[in-house]
Amino acid sequence: MPRRLTSGATQLSACLLALAAASPAAAQAARQDAPRAAAAPFDLSVASIMRGELLTGRSPNEVRWSEDGRWLYFRWRQPETRDTTTSIYRVAVGRGTPERLADSVADRVAPALSGDWDAARRRRAFVRGGDVYVAEVGGRERRVTETPVAERSAQLSGDGRTVFFISGSNLFATAVEGGPIRQLTDVRADAAPARRDTVGQRGVLERDQRELLAVIRDRIEEREHREALDSVRTPVRPLYIGRNATVASMDVSPTGRFVLLAVNDRAEEKQTLVPNFITESGYTEPLNVRAKVGDVQAGQRMALVDLRTGTPTWLQAEARERRVTLSSAGWAPREDRAILVGIPADFKDRWLYTIGADARLTPVDHLRDTAWVGGPGLFTAGWLPDGRVYFVSERTGYAHLYAVASTGGEATPVTSGEWEVTDVQLAPDGRVFWLTTGETHPGERNLYTVSANGGRRTRITAQDGWNESVVSPDGRWVAVLHSTADRPADLFLMPNRAGARAERVTESTTAEFRAGPWIRPEVVTFPAQDGRQVYARVYRPRELGAQPNGAAVLFVHGAGYLQNAHRGWSSSYFREYMFNHLLAARGYTVLDLDYRGSAGYGAAWRTGIYRHMGGKDLSDHVDGVRWLVANEGVDAKRVGLYGGSYGGFITLMGLFTEPDVFRSGAALRTVTDWAHYNHPYTARILNQPQDDPEAYRRSSPIYFAEGFRGDLLMAHGMVDTNVHFQDVVRLSQRLIELGKTHWELAVYPVEDHSFVRADSWTDEYRRVLDLFERTLRADSPAR
């Protein structure tokens, strides 16, 4: 993109921003003292806003504390740079100036920040460059392995003296202070040797062979002698997992006696081939991606392996003959007891179990949802110092924290209310929880502290908007990624106490972005047809200095289970946030709502789309149009909608089934037939197509294409490995066969589901803008 000329005042602003990168506090003072000069007007155009993070800047992420709580590390990119890569930075508590680490230093430091602690939190094991290391609190570091094979999953024993790791498909161990490396498992991706038949026709033949022929007896005797010698010479017993199986994970108990072995069983599923046309070779190179919903699916098994004997006990949860996938939620800090999470193949239950040396599954909690289990914290569970288990459950309709005895019984609520707990951190001493919740408003997030036994919560973060917090290991400090609707997240540091002031660490936005016309759209509510309140963001033209033109556009966020009508920065849809400003500046009233199925509003809202996508999630948008007509002066005949992925799906359903409500729409990278999407997402909501065909037919736009009579833009990446390009091709053929007109398909040969190139984003959204300008203006032709 050509560089624009800058005035002297603009160059001064750039110098001040360079100062901000080094010292945010100093830069803020300099900006206040600098003479105000006329800045170049912000370019609110499609090409400008679709530059993405080159315009907005890049927020910090991967926030992690050092072991002693003195340093905070994060990944970041300074604003005003053309380089799109990020680097590791650190800041000392109380100093406030970020320091960029050289790549060589970052490669050494970063892996050590996310290792596995021993019970006393004195040491942690981690993998760096494919080798295992152990670091002491205070800085001493020991390299454990140095091999050409990449090791992974380093773990420490409870006492911190032994480090375990996986190499290939097997578990190894060695003393932290040095010594031989011992192989603890001999996992073989093969079937166990067949046992000799002792009954039936084959058993009779084998018995006759042994009785009649000395050579057979000699062979058997030789084999048995060899096997006996092997059992003495080989300290590790072979563990056969099957020919189509791979090791998924190994979780070692604190004493080192047991390991929870998770095994993935490959399925003979039919994979979809996605052609890649733009290749270095010049040939079309197909990508082998995923199967479709309802096809045979890969499974997972779990065994408790006694490492002293090599004996596996394959675990089986009782679930009325349904296959249950078990996963480990962690061992107790100093005991050979673990928490397991069980989810059946139909996704309608969640069991929490404890397991000990006897390999017996003891149920401690059961969550049932006739739609599907989910919500924040579905896999959140852990151990309290007194041996109880804590977990998050939607049992009341909202995700809350509970504690229960490790043997089961009545669970005690730690939190309650018509709001959700979205993140849980247990203090190292186990005495308090640090919780992130939405209790002040569904569109806000704040950090609270509460006793592990429940009781009154204390709010820590006080800034309005969205706060994602990470507490230091010593519990004294909190790192906060804070954002508002009009400002991307930046990193703040504050003492871990109520009312403490949060000090800014980073300034991530560019000067150009800060010169933009950004507003904090009002979060409103309106009633749905069934009486529930729908939350939405509204962008009003007058807030951008424009006169309303009487038309409206509804933006539909993707992902289904995602929240976008909140008071923080929309990190998933920041380009659309800016595009909504462009529309509002041209007179369109824009509504962005958290329709049925969105996150943040409890289980009933989350599952409101069960067996009918395009039902209540679409009617919520229809109700939004009625609210706009009644309250914002919108012409009911001039309403459009747009969105990508799930948002594109709703756009199609709106145009095909509510043509009197929606005049035009842009459906981007959209599902057109749910029977062609993936299994884990779709089977939860619609069951399997062979079991519930009605749910798929009434939820798939391709079956309603006859109702289309407006104007439609479809856009799709040709190497989309999530929603395959085949989806939009099938719908295009359907529209052709139906003789439909006033639709177009824009294809993007090098793009996957999430576009990468700015020129692709720009081309796509120029078409979206042109669609609305052609069809929603007062002089646009009716359909």
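Okay, so let's go over this structure.

Calculation criteria
- Residues numbered from 1 in each chain as written.
- Predicted model: local features only at pLDDT ≥ 70, side-chain atom pairs only at ≥ 80, totals over all residues.
- Heavy atoms only, no water.
- Helix = DSSP H or I, 4+ residues; strand = E, 2+ residues; numbered from the N terminus.
- Rg over C-alpha atoms; globule rule 2.2 N^0.38 Å.
- Buried < 20%, exposed > 50% of the residue type's maximum accessible area, 1.4 Å probe, protein only.
- Contact = heavy atoms within 4.5 Å.
- Polar contact = N/O pair within 3.5 Å; in protein donor to acceptor, adjacent residues only side chain to side chain.
- Salt bridge = Lys/Arg side-chain N within 4 Å of Asp/Glu carboxyl O.
- Expected span 1.5 Å × (residues − 1).
- Pairing = 2+ DSSP bridges.
- Axes fitted to C-alpha atoms, helices over the stretch in contact; angles between N-to-C directions.

**Looking at the overall build of the chain**
Regarding its fold elements, the chain presents 16 helices and 44 strands. At 30 Å, the chain has a C-alpha radius of gyration in line with the 28 Å of a compact globule built from 783 residues. By its C-alpha atoms, the chain is 100 × 65 × 60 Å across when sized along the principal axes. For the chain, with 783 residues in total, the buried portion stands at 54%. Relative to all contacts within the chain whose residues are 6 or more apart in sequence, the contacts with residues 24 or more apart total 57%.

**Looking at the side chain of Ser-472**
Mapped onto the elements, Ser-472 comes out in the loop between β33 (466-471) and β34 (477-484). Here Ser-472 falls in the buried class, since its relative accessible area comes to 1%. There is a polar contact of 3.3 Å between the side chain of Ser-472 and the backbone nitrogen of Arg-476. Non-local contacts of Ser-472, meaning those with residues more than four positions away in its chain, are made with Trp-65, Gly-69, Trp-434 and Trp-477.

**Re the pattern of salt bridges**
Counted by the stated rule, this structure contains 59 salt bridges. One salt bridge in this structure joins Asp-208 and Arg-207, with 3.9 Å as the shortest N-O distance. Assessed through its relative accessible area of 41%, Arg-207 is described here as partly exposed. Its salt-bridge partner being Asp-530, residue Lys-616 comes within 3.9 Å of it at the nearest N-O pair. Placement of the pair is Lys-616 in helix α11 (residues 616-631) and Asp-530 in the loop between β37 (522-527) and β38 (533-539), with a sequence separation of 86 residues. Counted as one network, the salt bridges with shared partners bring together Arg-123, Glu-136, Arg-140, Arg-142 and Glu-177.

**What to know about helix α16 (residues 758-775)**
In this model, α16 (18 residues) spans 26 Å end to end at C-alpha, consistent with the 26 Å of a helix rising 1.5 Å per residue. Burial in α16 covers these residues: Ser-760, Trp-761, Thr-762, Glu-764, Tyr-765, Val-768, Leu-769, Leu-771, Phe-772 and Thr-775.

**A closer look at the sheet that holds strand β23 (residues 349-355)**
Read from one edge of the open sheet, 4 strands run β21-β22-β23-β24, paired in antiparallel fashion. Across the chains shown, the open sheet's two edge strands, defined by having one partner strand only, are β21 (324-331) and β24 (361-368). With direction set aside, neighbouring strand axes in the sheet form an average angle of 25°. Strand direction decides the pairing type here: β21 and strand β22 (residues 338-344), joined by 7 bridges, are antiparallel. Its bridge partner being in β22, Ser-327 is matched across the sheet by Val-341.

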